[in-house]
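Fold and contact review
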Amino acid sequence: MRKRGWGLAVLAAVLVAGGGWYASLDKETRGLLAAMPTNADVLGWSLAQRDAAFRAMDRLPLLARANRIVPSSHPRPLPQGRPLAVPDIDKVMREQRLAGLVVLQDGKVRLERYGLGFDAKGRWTSFSVAKSFTSTLVGAAIQDGAIRSLEDKVSAYIPGLRGSAYDDVSVRQLLTMSSGVRWNEDYEDPNSDVAAFNRATPEPGVDATVSYLRKLPRAHPPGEVWHYNTGETNLIGVLVSSAVKKPLAQYLHEKIWQPAGMEAEATWLLGKTGHEIAGCCLQAATRDYARMGLFVLDNGRAGGRQIVPADWFAQATHKQKDIGKPGKGYGFQWWTYDDGSVAAQGIFGQGIFIDPARRLVIASNADWTRATKGPEGAAREAFYREVQALIDAGK
């Protein structure tokens, strides 16, 4: 999201002066106006600005435009299960700055809590949790025959990449972040690619992601080295929409939101050239993030049909690439654990943790003190282990 300068703050002041109009707004929009970011670079926002904006990223078109995803016509019930008593849960909520926490086992709610003034009816932004939704749409496109094979070259679906470092990269290599193309993902480095991409002006008539990524040099041969790259997930989104010839939000509704029974409306923020930001920026209810976990546990079968190939999640949620951390790996835009668990994770504390052995899903939204480098990440991992231990103990 590119900077728009102090004009946003001026706009906020003008809008607040609107009196009656302001009183008619929902609490999320009012909160956003009260703590209006002075630019659209989320990495530079204060804690108060993030607290206000993460629940309202889609409220003001000047901040970000979005495509809407309507709720399912047949929402999946989440019946109440036996309450899970987590010791010091208030401390967990406070120290991780959790806005939403939903723990499901066997499809039933065992724990549901909200904080930071957020509630079950609100939408919270996903950040990189969206990556796992985007990769699942690749599976849907393969099931539909729109993408022929994971071994196809990306440039077969995105002609604008021909002649670039991505020309010889396969769909599989893109999914496993092993393209070998050079990229810097340091969220606290203003000169990183993830920051420079947000500032870059696209070439006329070229998708913003394609415009930036096709200029990058090669660092390694394709397929050899895993390297985290949000730009490439944005590219996967372009690939999917090009293959299925539909906006990504529409395809998400058709393949996941409707059949998996998502209860609330969602939105997907758009980039500079009008395409959904596929590596980021879904806004959804915490309960619907949890329903995504159930969709995975059901092996991608919903609404009486198989949405992705029957072996899709056997590949997608299992270790495809070593990431240099004991006990962990990377699948198709999913973080994997050697015990068979898997997680979708986003900066500032967004997550969906899925444990097939225990039929467990933990969906959480938060506003951590830092994007990734604060103490909350380790605390979240400890919380996952604690919940698993409580379940194993019959609690």
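Keep in mind the model is a prediction, meaning the values are calculated, not measured.

1. Let's talk about the nonpolar core
- Ranked by size, the top nonpolar core spans 104 residues in total, and within it Phe133 and Ile256 carry the most contacts.
- Beyond its immediate chain neighbours, meaning those up to four positions away, Ile256 contacts Phe133, Thr136, Leu137, Tyr251, Gly261, Met262, Met292 and Phe295.

2. Some details on the state of the cysteines
- Under the criterion given, the structure shown has one disulfide.
- With its sulfur 2.1 Å from that of its partner, Cys280 forms a disulfide with Cys281. Where Cys280 bonds to Cys281 through sulfur, the torsion about that S-S bond is close to 75°, and the disulfide is right-handed. Take Cys280 and Cys281: they sit in the same class, and that class is buried.

3. Topic: the pairing of strand S13 (residues 350–355)
- The element S13 is extensively covered by neighbouring structure, given that six of its six residues are classed as buried.
- Side chains of S13 alternate between two faces, with Gln350, Ile352 and Ile354 and Gly351, Phe353 and Asp355 buried alike.
- Sheet topology places strand S12 (residues 342–346) next to S13; five bridges connect them, and they run antiparallel. Looking at S13, one finds that Gly346 is bridged to Gln350.
- Hairpin connection between S12 and S13: a loop of three residues separates the two successive antiparallel strands, and Phe348 in this loop has a positive phi of roughly 65°.

4. Thoughts on the sheet that holds strand S5 (residues 266–269)
- Here we have four strands laid out as an open sheet, ordered S1-S5-S6-S4, and antiparallel in their pairing. Strands with a single pairing partner mark the edges of an open sheet, and in this sheet they are strand S1 (66–69) and strand S4 (124–125).

5. Quick notes on the environment of Leu269
- Its place among the elements puts Leu269 in strand S5.
- Residues Leu269 and Phe127 lie 142 residues apart in sequence; the distance between their C-alpha atoms is 10 Å.

6. A look at the packing of aromatic side chains
- In the structure shown here, the tally under the stated rule is 20 aromatic pairs.
- Taking 6.0 Å as the distance between ring centres and 55° as the angle between the ring planes, the aromatic pair formed by Phe127 and Phe348 counts as tilted. Taken together, the residues span a long stretch of sequence, with Phe127 in the loop between S4 and helix H6 (129–143) and Phe348 in the loop between S12 and S13 at a distance of 221 residues. In terms of burial, Phe127 and Phe348 fall into one category: buried.
- Here Trp183 and Tyr212 contribute two aromatic rings whose centre-to-centre distance is 6.1 Å and whose plane-to-plane angle is 85°, an arrangement assigned as edge-to-face. With Trp183 in the loop between helix H7 (171–175) and helix H8 (193–199) and Tyr212 in helix H9 (residues 208–213), the pair connects residues that are 29 residues apart, well separated along the chain. The pair formed by Trp183 and Tyr212 is uniform in burial state, with each residue classed as buried.

7. Comments concerning the side chain of Ser341
- Its location among the elements puts Ser341 in the loop between strand S11 (335–337) and S12.
- Using a relative accessible area of 0% as the deciding quantity, one classes Ser341 as buried.

Procedures and definitions
- Residues numbered from 1 in each chain as written.
- Predicted model: local features only at pLDDT ≥ 70, side-chain atom pairs only at ≥ 80, totals over all residues.
- Heavy atoms only, no water.
- Core = buried A, V, L, I, M, F, W, Y, C linked by side-chain atoms within 4.5 Å.
- Buried < 20%, exposed > 50% of the residue type's maximum accessible area, 1.4 Å probe, protein only.
- Contact = heavy atoms within 4.5 Å.
- Disulfide = S-S within 2.5 Å.
- Helix = DSSP H or I, 4+ residues; strand = E, 2+ residues; numbered from the N terminus.
- Pairing = 2+ DSSP bridges.
- Phe/Tyr/Trp six-rings, centres within 6.5 Å; stacked < 30°, edge-to-face > 60°.

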